[in-house]
Amino acid sequence: MGWKTQRPGYKLMILLAEYDSWVIGSAAAPDCDYATVRDFDIIIPWEKWDTAVNVILRFATQVKANSFGGWKVYIDEDELDIWPGTLQTILARPQFSNYAWHPKSDTRIQKL
């Protein structure tokens, strides 16, 4: 599915697919080596945010506020930064990477 080496944990993959989430940043790059990924930056659509949060809180071992108004969440071995929003809004911010990956459809986008 998207990474050259190990895949993310099962619970993270459910979160990504079930809630129509996008991975952005280095973990979304086509040549990403999961073993070197520090954390996953994830955008969850506004319309699915409330439901996703309820699931995240059940799975998470730790949750705290992160920069940019999102949450830093730890689920098993995976460290996530999650935000509600749209892909268009997030990719318009210059501080984010040039890549986005939608695991549910296996669609990958690169900013030019």
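Residues numbered from 1 in each chain as written. Predicted model: local features only at pLDDT ≥ 70, side-chain atom pairs only at ≥ 80, totals over all residues. Heavy atoms only, no water.

A. Molecular detail of the overall build of the chain. Helices and strands together make up the secondary structure of the chain, namely 3 helices and 7 strands. For the chain, the α and β elements follow one another from N to C terminus as α-β-β-α-β-β-β-α-β-β. Buried residues in the chain amount to 48% of all 112 residues. Within the chain, contacts between residues separated by at least 24 positions form 58% of all contacts whose residues are at least 6 apart in sequence. Of the roughly 6100 Å² of accessible surface on the chain, 50% is carried by carbon and sulfur atoms. (Helix = DSSP H or I, 4+ residues; strand = E, 2+ residues; numbered from the N terminus. Buried < 20%, exposed > 50% of the residue type's maximum accessible area, 1.4 Å probe, protein only. Contact = heavy atoms within 4.5 Å. Areas by Shrake-Rupley, 256 points an atom, 1.4 Å probe, with all protein chains shown as cover.)

B. Looking closely at the pattern of salt bridges. On inspection of all chains with the given rule, the structure shows 5 salt bridges. Here Glu79 makes a salt bridge to Arg38, at a shortest N to O gap of 3.7 Å. Of the two residues, Glu79 sits in strand 5 (residues 78–84) while Arg38 sits in the loop between strand 1 (22–24) and strand 2 (40–44), which places them 41 residues apart along the sequence. Looking at Glu79, the relative accessible area reads 17%, which means it is buried. Between Glu79 and Lys72 there is a salt bridge; the shortest N-O distance is 2.8 Å. Neither residue differs from the other here; Glu79 and Lys72 are each classed as buried. (Salt bridge = Lys/Arg side-chain N within 4 Å of Asp/Glu carboxyl O.)

C. Broad picture of the sheet that holds strand 3 (residues 62–65). Across the sheet, 7 strands lie side by side as 3-4-5-2-1-6-7; this open sheet has mixed pairing. Of all the strands in the sheet, the pair left with one neighbour each is strand 3 and strand 7 (107–110). Here the average twist between neighbouring strands, direction ignored, is 25°. Here strand 2 pairs with strand 5 via 5 bridges, running parallel. Along strand 5, the bridge assignment pairs Asp41 with Asp81. Running at roughly 45° to strand 4 (residues 71–75), helix 2 (residues 46–59) makes contact with strand 2, strand 3, strand 4 and strand 5 of the sheet. (Pairing = 2+ DSSP bridges. Axes fitted to C-alpha atoms, helices over the stretch in contact; angles between N-to-C directions.)

D. Region of the structure containing the pairing of strand 5. Buried residues dominate strand 5, accounting for 7 of its 7 residues. Side-chain alternation along strand 5 places Asp78, Leu80, Ile82 and Pro84 on one buried face and Glu79, Asp81 and Trp83 on a second face that is also buried. Relative to strand 5, strand 4 runs antiparallel, the two being bridged by 5 bridges. Residue pairing in the sheet places Tyr74 in a bridge with Glu79 of strand 5.

E. Expanded view of the confidence of the model for the chain. Scored by pLDDT, the chain comes out at a mean of 81, with 88% of its residues at no less than 70. This model gives residues 1–6 a pLDDT under 50, and the stretch forms 21 contacts once residues within four places in sequence are excluded. (pLDDT = per-residue confidence, 0-100.)

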